[in-house]
Amino acid sequence: MTSKTEKLLSLLDGQPVIPVLKIANVADAVPLARALARGGLPAIEITLRTASALEAIRQVAAEVEEAIVGAGTILDAAQFEKAAAAGSRFIVSPGITRELLSAADDSNVPLLPGAITPSEIMAAREAGLRFLKFFPAEQSGGIASLKAFASPLADVKFCPTGGISGKNAADYLALSNVICIGGSWVAPDELVKAGKWDEIEALARAASTLRK
Ligand code: 3PG
């Protein structure tokens, strides 16, 4: 275990599911983060896929003390820096590039980059990372691929994301090389749009009680 990996894991603190959020309306960010935290999922990933994302991160970081807000869909160093400056406690990327690794080296904010192939995983490992996002999980061989990596890449652990839902979450969490999983199913767009925070809290509670 390297210090970068340790820092990231201690932030996530054993949380089994990291909600992956796309915030269309910035006013939803704070009540959504509060509902997820009440349901037992304080660590959340707000993706930079909407114009509101950075402001959403800023508001959650400033107003929701119980939340651990991270930024997702970070593609380059400039986005890494903006997301960190907005108050992100961790940074998630769908892939791994030299530029991103170097941005992470220059920052105290830990990076969870995506890796799918043995070569990508080995490149991340060489950079001192032992905990990676496996994305898009279902489309990239899912559980069978992760099982195949467990022996040859034994010291690398994963957070699979992409195509995971309440139906297959427990199967992913049962894998020896999976620490947590990520997904959007705990905060469906229609519930967010309708402000159904209690229903989101209930989805979060069900996800937070999933255990390895
Ligand atoms: C991600 O960015 O991690 C994924 O898009 C989340 O995938 P999901 O919507 O299939 O859960």
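Attention now goes to the site of the ligand. In the vicinity of the ligand, the contacting residues are Val20, Arg49, Lys133, Phe135, Thr161, Gly162, Gly163, Gly183 and Ser184. Lysine 133 is positioned such that a nitrogen or oxygen atom in its side chain is 2.7 Å from an oxygen atom of the ligand. In this structure, an oxygen atom belonging to the ligand sits 2.6 Å away from a side-chain N or O atom of serine 184. When the ligand sits alone it has 320 Å² of accessible area, and the protein chains cover 80% of it.

For sheets, the rule is that strands pair by backbone hydrogen bonds, running either parallel or antiparallel. Within the open sheet, the six strands sit side by side as 5-4-3-2-1-8. Their pairing is parallel. Looking at which strands have only one partner, the edges of the open sheet turn out to be strand 5 (111–112) and strand 8 (181–183). Sheet analysis places strand 3 (residues 68–72) next to strand 4 (residues 90–92), joined by two bridges and oriented parallel. In the sheet register, alanine 71 faces strand 4, and the bridge partner there is isoleucine 91.

What follows concerns the environment of glycine 39. Structurally, the position occupied by glycine 39 is in the loop between helix 2 (29–38) and strand 2 (43–47). Residue class for glycine 39 comes out buried when judged on its relative accessible area of 3%. Placed 14 residues apart in sequence, glycine 39 and asparagine 25 show a C-alpha to C-alpha distance of 21 Å. Glycine 39 has contacts with Glu201, Ala204, Arg205 and Ser208, leaving out every residue within four places of it along the chain.

Cut-offs and rules
Residues numbered from 1 in each chain as written. Predicted model: local features only at pLDDT ≥ 70, side-chain atom pairs only at ≥ 80, totals over all residues. Heavy atoms only, no water. Near = heavy atom within 4 Å. Polar contact = N/O pair within 3.5 Å; in protein donor to acceptor, adjacent residues only side chain to side chain. Areas by Shrake-Rupley, 256 points an atom, 1.4 Å probe, with all protein chains shown as cover. Pairing = 2+ DSSP bridges. Helix = DSSP H or I, 4+ residues; strand = E, 2+ residues; numbered from the N terminus. Buried < 20%, exposed > 50% of the residue type's maximum accessible area, 1.4 Å probe, protein only. Contact = heavy atoms within 4.5 Å.

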